[in-house]
Amino acid sequence: MADILHAFREEHEQSLTQSIQGLLSRHLPIERAAEADRDRVFLRDVWKTLGENGVLGLGIPEEHGGSCGGVAESAIVTRELARVLPSMAVDYVLCGMVGRTILDSGQHGELISGLASGDRIYSYALSEPGGGSDLLSLRTQAKFDGKSFHINGSKLWISLAQESDLIFVLARTDEPEPGRSQASGLSLLIVPTDQPGVQVNKVNMAIMRAAGTCEIFFTDAYAPADSIVGERGRGLQALRGTLDVERVLSAAISLGIGHGALDLALRYVGEREAFGGPIGRFQAVQHPLAESASELTAASLLVEHAARNLDEGKPASQESAMAKLVASECVGRLVDRASRVMGAMGMAEESGMQRYVRDARLQLFSPVNNDLVRNIIAQGLGLPRSY
């Protein structure tokens, strides 16, 4: 029975992979992906196509307009998006995490169908200029006047904010309760973007240039009284259920970048001739690519294992953190080796390799810095908390 289930799972995953690759080849050819990166634009029409074909609905129940599916299926989509345009993979993971947060809360279910169809876009606003991974030090305030919340503060490194209809903002609504963590008093609020109190500015990045990274300024921004996700003062708890999934899907982005870079390097060394033949016949070229392929396969197996554990309801915090760490470090080494075998062409604007090299850098510190991931893994091994 186990062999039958394994064979069925493999066939299903291969079919999904082929379907996504076919969809992207028609609607997001590599030339258009390169243009989006160069021009730093979010491709709304491609996003809508993903929604129409059920891609954005993966992980969302059918009664909410979704396509069902689990983390394993979402990881496949994420990987294939990142193989073509890593920026869009980042946005796909972001919107998926917002959807999971809504579903986990059991509230605001009316927002889900628009997310699954691609008609609506939502984003998170967590990080601040002086905070980063230290969410407990955030300064954005949300004061309740008896009828609504008024939000003041700023957020930085927020993907898709300019495209979003709603932003899920982590802000302090209450002072920490005596004797409790600084996390108490933080709430997750749904803030409409179409109002004077929300100013969104695009940040021109050298990495993930088409992801729509922004800074946001809130000046007495309005949020309805019923805009809190989960419980008031327990905003981090509302987010906690998405962290393991986010790390697995972040690892899948790394895999996609790795596969794209490796494929490009292999094509190049098979076509580029020097000293009487293709340079791919030299061991000095073969060995770094062979090592990269081996590491990428090992990282892929770890990501698949973590995704399966999550889908089966098994504990997966350690595996998810390890998958994020291993995959991102692997792709950092891979793009370095792949670009070296391509020489100057690897850094030419016309080559997709320079995009993979740039985008792989984000994976080392987003959505959480790898040094903090190492701390999390060490703590899971029974060692003292070190941060």
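Residues numbered from 1 in each chain as written. Predicted model: local features only at pLDDT ≥ 70, side-chain atom pairs only at ≥ 80, totals over all residues. Heavy atoms only, no water.

What follows concerns the layout of surface pockets. For the largest pocket, the calculated volume is near 1,700 Å³. What lines the largest pocket is a set of 45 residues, among which Leu135, Leu243, Glu246, Pro367 and Val368 lie closest to the centre. Among the elements that line the lining of the largest pocket, the one with the most residues is helix 8 (residues 243-271), at 6 residues. Of the residues in the lining of the largest pocket, the class split is 27 nonpolar, 12 polar and 6 charged. (1 Å grid on protein atoms, 1.4 Å probe; cavity = no way out; pocket = protein on both sides within 12 Å on 5 of 7 lines; lining within 4 Å. Points joined across faces, edges and corners; volume = space filled by probe spheres on them. Helix = DSSP H or I, 4+ residues; strand = E, 2+ residues; numbered from the N terminus. Nonpolar A, V, L, I, M, F, W, Y, C, P; charged D, E, K, R; others polar.)

Across soluble globular proteins, nonpolar side chains show a tendency to be buried alongside one another. Residues Leu28, Trp47, Leu50, Met88, Phe168 and Ile257 are the most contacted members of the largest nonpolar core, which totals 98 residues. Element by element, the count of residues in this core is highest for helix 8, at 14 residues. Residue contacts for Trp47: discarding those within four places in its chain leaves Phe42, Leu56, Met88, Asp91, Tyr92, Cys95, Gly118 and Ile121. Counting 18 residues, the second-largest nonpolar core is a separate cluster that includes Ala142, Ala171, Val198 and Ile216. (Core = buried A, V, L, I, M, F, W, Y, C linked by side-chain atoms within 4.5 Å. Buried < 20%, exposed > 50% of the residue type's maximum accessible area, 1.4 Å probe, protein only. Contact = heavy atoms within 4.5 Å.)

In a disulfide, the sulfur atoms of two cysteines are covalently bonded to one another. Taken as a whole and assessed by the stated rule, the structure comprises 0 disulfides. The closest cysteine sulfur to the non-disulfide-bonded Cys68 is located on Cys95, 19 Å from its own sulfur. Note on Cys95: no disulfide assigned, nearest cysteine sulfur contributed by Cys214 at a separation of 13 Å. Assessed through its relative accessible area of 5%, Cys95 is described here as buried. (Disulfide = S-S within 2.5 Å.)

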